[in-house]
Amino acid sequence: MLFALLAWETSVLRTEEGGEPPAPAREATSGPVAIPRGAWNASPVRPSARPMGTPRRITVHHSGSRSSRYAVADVAREIRGIQHDHQDRAGWADIAYHFVIDRAGRLWEGRPLALQGAHAGNDASNRGNIGICLLGDFDVEGPTAEQRRTLRDLVSCLESLYGIPPAEVHSHRGIRVAHGLGSTICPGRHLLAMVEDLRCDGPESPSATGGEPVLGP
Ligand SMILES: [Zn+2]
C-alpha cells in the first residue's frame, strides 16, 4: 500500500513541476484528484447511503484532533479511525466527509461524491453539500500553509466544476446556525476566519486577518 502511495505522490510532484506534458483535460463530471480511499484501507460504503444529487454547497470542518501527523501511513490510519467512528459508533454509511486534507496539504478521498455526506447536522443540511475536513484542532492552532493552499485550490475547483457560488461555502458552525441547529466549535476559530474569507471570494478580506467573522444565514 505504501508503495502505491509513494508512486502516486511522485507522479503528482512531476506534474506540479511542469516537466511533463499536461494531462488530458478531465471530463466535466470528474472531481479533483485525491488520494483514493483504498489508500487508507477504507471499509465499503454501507447500503444506507443516499445519492448526493448535484452538489450546490460546501461545508468545511476540522477533525478536532491535536495528534494529527504528517507521515502518509499515520494519516491513512487516522482517516481509517475517523471512518470507524462514523460507521461503527455513529452508525453512518461511511466516513462523513467527501474530502480530507492532512497537515502536509495532501488531499484524500473520503465518501464518494456521488453519495450524500453526513457531516452538516441533519438530512436537510447535508443535501447537495460537499464535506471537507482538515486534520487538526483549529481552535488551538492554525492550519498549515499547505493545508490552506489545498483547501483554497479544492474549493476553487469544486466551485467551477459545479457552479457553486462563494456564498455557498460554509463553516460547520455557519451551516448549523443557518439550519436552526445548535452551534459547534467546528471548524475552530483559526480555520473559521479562512472559511469566511472563502465565502467573500477574496484573499484580503478583514475576516482573513482576524476581523469579526460573519456567520450564516
Ligand atoms: Zn464539523
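Criteria and cut-off values
Residues numbered from 1 in each chain as written. Predicted model: local features only at pLDDT ≥ 70, side-chain atom pairs only at ≥ 80, totals over all residues. Heavy atoms only, no water. Helix = DSSP H or I, 4+ residues; strand = E, 2+ residues; numbered from the N terminus. Buried < 20%, exposed > 50% of the residue type's maximum accessible area, 1.4 Å probe, protein only. Contact = heavy atoms within 4.5 Å. Areas by Shrake-Rupley, 256 points an atom, 1.4 Å probe, with all protein chains shown as cover. Core = buried A, V, L, I, M, F, W, Y, C linked by side-chain atoms within 4.5 Å. Axes fitted to C-alpha atoms, helices over the stretch in contact; angles between N-to-C directions. Parallel < 35°, antiparallel > 145°, perpendicular 65-115°, else oblique. Left-handed = near helix turned anticlockwise from the far one by under 90°. Polar contact = N/O pair within 3.5 Å; in protein donor to acceptor, adjacent residues only side chain to side chain. Pairing = 2+ DSSP bridges. Salt bridge = Lys/Arg side-chain N within 4 Å of Asp/Glu carboxyl O.

Asks: How do you make sense of the overall build of the chain when you look at a structure like this?
Replies: Looking only at helices and strands, one finds six helices and five strands in the chain. Helices and strands in the chain line up, N terminus first, as α-β-α-β-β-α-β-α-β-α-α. For the chain, the residues scored as buried account for 45% of the 217 residues in total. Of all intrachain contacts in the chain linking residues separated by at least 6 positions in sequence, the fraction that spans at least 24 positions is 71%. Per element, the accessible surface of the chain, about 10,700 Å² overall, is 54% carbon and sulfur.

Asks: What should I look at first to understand the nonpolar core in this one?
Replies: Where a protein is soluble and globular, its nonpolar side chains tend to be buried together. Core analysis: the biggest nonpolar cluster contains 22 residues, and Ile58, Phe99, Ile130, Ile132, Leu134, Leu151 and Leu191 have the highest contact counts within it. Listed by contribution, the elements that provide at least two residues to this core are β1 (57-62), β2 (99-101), β4 (129-134), α4 (145-162) and α6 (189-200). The next biggest cluster of nonpolar side chains, apart from the first, holds 16 residues, and it includes Val72, Val75, Ile95 and Leu135.

Asks: Whenever I open this one, the packing of α4 against α6 confuses me. Can you help?
Replies: A pair of packed helices is characterised by two quantities: the angle between their axes and the separation of those axes. At their nearest, the axes of α4 and α6 sit 12 Å apart, and the two run at 30° to each other. Overall, the two elements α4 and α6 adopt an arrangement that is roughly parallel. Considering the relative orientation of α4 and α6, their crossing is right-handed. Together, Arg148, Leu151, Arg152 and Val155 of α4 and His190, Leu191, Met194, Asp197 and Leu198 of α6 make up the contact between the two elements.

Asks: Is there a simple way to explain the side chain of histidine 172 in this structure?
Replies: With respect to the element layout, histidine 172 can be found in helix α5 (residues 172-178). Separated by 3.3 Å, the side chain of histidine 172 and the backbone oxygen of alanine 120 make a polar contact. Contact partners of histidine 172, with chain neighbours within four places excluded, come to Thr59, Val60, His61, His119, Ala120, Thr184, Cys186 and Pro187.

Asks: For this particular structure, what's the right way to read the pairing of β4?
Replies: Consecutive residues of a regular strand have side chains that alternate between opposite faces of the sheet. Judged by how many residues are buried, β4 sits mostly within the fold: six of six residues are covered. Of the two faces of β4, both are covered, the one formed by Asn129, Gly131 and Cys133 as well as the one formed by Ile130, Ile132 and Leu134. Here β1 runs beside β4; their pairing, made up of six bridges, is parallel. Bridge pairing in β4 places histidine 61 opposite cysteine 133. In the sheet, β2 pairs with β4 via three bridges, with the strands oriented parallel. In the strand pairing of β4, valine 100 is matched with cysteine 133.

Asks: Where do I start with the pattern of salt bridges in this structure?
Replies: Opposite charge on two side chains permits them to pair, given that their charged atoms come into close proximity. According to the stated counting rule, one finds 12 salt bridges in the structure shown. Of the charged contacts in the structure, one is a salt bridge between aspartate 94 and arginine 37, with a shortest N-O distance of 2.7 Å. With aspartate 94 in the loop between α2 (72-89) and β2 and arginine 37 in the loop between α1 (2-17) and β1, this residue pair connects regions lying 57 residues apart in the sequence. Of the two residues, aspartate 94 and arginine 37, both sit in the buried class. Where salt bridges share partners, they join Arg50, Asp123 and Arg127 into one cluster.

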